[in-house]
Amino acid sequence: MENQIQNNIAKILERIEVACHKANRNTDEVKLLLATKTVSAENIKIALNTHQTLIGENKIQEIKEKYELLKPIAHQKHFIGHLQTNKVKELLRYDVNCIQSLDRLKLAEKLQKRLEYEDRTMAAYLQFNTSYEESKFGMDPREALRFAMDVQQFDRIKIKGLMTIGLFSAEEEKVRKCFKRLKNIQLQLLDKDIPVTELSMGMSGDMEIAIEEGATMIRIGTAIFGKREHPDSYYWNEGK
Ligand SMILES: *Cc1c(COP(=O)(O)O)cnc(C)c1O
């Protein structure tokens, strides 16, 4: 397993390099986030020991379970799953550096309140549903400016970027359209001085397209840790 994870990471780094080269970008413009849902702390450790520093989890419960085991290893932790508003308090308990799945005002309100109470701040990416699929979470791209400006009123939430899950499709152009949408939202918000410098988009199956369209962070699970037991909708539809 150890060798396999190491080899898989090497392969991903190579794919990043090839994609960046093709897109005329520098390799260091694209960060790798290890999507670690269902992955054991032991296997996450193996990955972190190959000079990786960034993981993303989808469920508070899993963060909690792996927390003590991963604590001794320096790393950053992002939350990338659907978050119920009643879990905000818990989110703040386990050294999560950033929430990438901020997708509705109600959640932002709750987060702001709790951050105020604890007298701290948190980084956030705004998540958009660029595929317009009902099964996906994320704010409607057409509401981007209003949503971003509303969230900006919450002084404890530091907006750093945008996140999306592309359409699952073999039709490349349809997938690409999603990433272009996120890029366009970024340009629109940057124009209003909202500092959304990070574009978190691209997964195991579509990372090259995302890099071509400007991703600054790709989130990779399967291609590093192998297939998961449940379909992804199981993780994304929590609480629905
Ligand atoms: C699981 C997950 C990923 C990684 O997907 P893979 O296809 O396994 O690489 C990326 N982003 C989110 C939000 C996820 O839930």
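As a reminder, the structure under discussion sits directly above these lines.
Report on the accompanying structure. Here the structure is a predicted model, which is why all the values come from computation and not from measurement. (Residues numbered from 1 in each chain as written. Predicted model: local features only at pLDDT ≥ 70, side-chain atom pairs only at ≥ 80, totals over all residues. Heavy atoms only, no water.)

### A short note on the layout of surface pockets
- Empty space within the second largest pocket amounts to approximately 230 Å³.
- Lining the second largest pocket we find Leu13, Ile16, Glu17, Thr27, Asp28, Val30, Lys31, Leu32, His51, Gln52, Thr53 and Leu54.
- Broken down by secondary-structure element, the contributors of at least two residues to the lining of the second largest pocket are α1 (2-22) and β1 (31-35).
- It is α1 that contributes the most residues to the lining of the second largest pocket, three residues altogether. (1 Å grid on protein atoms, 1.4 Å probe; cavity = no way out; pocket = protein on both sides within 12 Å on 5 of 7 lines; lining within 4 Å. Points joined across faces, edges and corners; volume = space filled by probe spheres on them. Helix = DSSP H or I, 4+ residues; strand = E, 2+ residues; numbered from the N terminus.)

### Some remarks on the environment of serine 101
- Relative to the helices and strands, serine 101 is located in strand β4 (residues 98-102).
- Here serine 101 falls in the buried class, since its relative accessible area comes to 1%.
- Separated by 19 residues in sequence, serine 101 and arginine 120 place their C-alpha atoms 19 Å apart.
- The contacts of serine 101, once residues within four sequence positions are left out, are Phe79, Ile80, Gly81, Leu107, Tyr125, Gln127 and Met163. (Buried < 20%, exposed > 50% of the residue type's maximum accessible area, 1.4 Å probe, protein only. Contact = heavy atoms within 4.5 Å.)

### A few points about the packing of aromatic side chains
- Taken as a whole and assessed by the stated rule, the structure comprises two aromatic pairs.
- On the basis of an interplanar angle of 70° and a centroid distance of 5.3 Å, the ring pair of tyrosine 67 and tyrosine 94 is categorised as edge-to-face. Here tyrosine 67 is found in helix α3 (residues 60-70), whereas its partner tyrosine 94 is found in the loop between α4 (88-91) and β4, with 27 residues between them in sequence. Taken individually, tyrosine 67 and tyrosine 94 each receive the classification buried, so the pair is uniform in this respect.
- For the pair phenylalanine 128 and phenylalanine 147, a centre-to-centre distance of 6.4 Å together with 85° between the ring planes defines the contact as edge-to-face. Here phenylalanine 128 is found in strand β5 (residues 122-128), whereas its partner phenylalanine 147 is found in helix α6 (residues 144-152), with 19 residues between them in sequence.
- According to the relative accessible area criterion, phenylalanine 128 is buried, its value standing at 1%. (Phe/Tyr/Trp six-rings, centres within 6.5 Å; stacked < 30°, edge-to-face > 60°.)

### Structural notes on helix α5 (residues 105-118)
- Between its terminal C-alpha atoms α5 stretches 20 Å, which fits the 20 Å expected from 14 residues at 1.5 Å a residue.
- Turning to α5, its buried residues are Leu107, Ala108, Leu111, Gln112 and Leu115. When α5 is viewed along its axis, its buried side chains cluster within an angular range of 135° and face the same direction. Facing away from the buried surface of α5 by more than 90 degrees, the exposed residues are Lys113 and Tyr117.
- Against α4, β4, β5, α6 and β6 (157-164) lie the buried residues of α5.
- Looking one or two residues past α5, aspartate 119 carries a phi angle of roughly 50°, positive in sign. (Expected span 1.5 Å × (residues − 1). Arc of directions from axis to C-beta.)

### Here's the deal with the nonpolar core
- Core analysis: the largest hydrophobic core is formed by 65 residues, its most contacted members being Leu126 and Ile218.
- Ranked by residue count, the leading element in this core is α1, at six residues.
- Discounting residues that sit within four places of it in the chain, isoleucine 218 has contacts with Ile12, Ile16, Val30, Lys31, Leu32, Leu33, Met201, Gly202, Met207 and Ile211.
- By size, the runner-up hydrophobic cluster in this structure holds 11 residues, among which are Leu33, Leu54, Tyr125 and Met203. (Core = buried A, V, L, I, M, F, W, Y, C linked by side-chain atoms within 4.5 Å.)

### Some words on the environment of valine 39
- Relative to the helices and strands, valine 39 resides in the loop between β1 and α2 (41-48).
- Relative accessible area serves as the criterion here: at 8%, valine 39 is assigned to the buried category.
- Excluding residues within four positions of it along the chain, valine 39 makes contact with Ile44, Glu62, Lys66 and Phe225.

### Section: the side chain of glutamate 62
- For glutamate 62, the location among the structural elements is in helix α3.
- Taking relative accessible area as the criterion, glutamate 62 reaches 11% and is therefore assigned buried.
- Discounting residues that sit within four places of it in the chain, glutamate 62 has contacts with Thr36, Lys37, Thr38, Val39 and Glu57.

### Some remarks on the pattern of salt bridges
- The full count for this structure, using the stated rule, is 19 salt bridges.
- The residue arginine 142 makes a salt bridge to aspartate 140 at a minimum N-O spacing of 2.8 Å.
- On the basis of relative accessibility, which here comes to 65%, the residue arginine 142 falls in the exposed class.
- By relative accessible area, aspartate 140 is classed as partly exposed at 23%.
- Here glutamate 172 and arginine 176 are joined by a salt bridge, their closest N and O atoms 2.7 Å apart. Of this pair, glutamate 172 and arginine 176 both sit in helix α7 (residues 172-191), four residues apart, roughly one helical turn. (Salt bridge = Lys/Arg side-chain N within 4 Å of Asp/Glu carboxyl O.)

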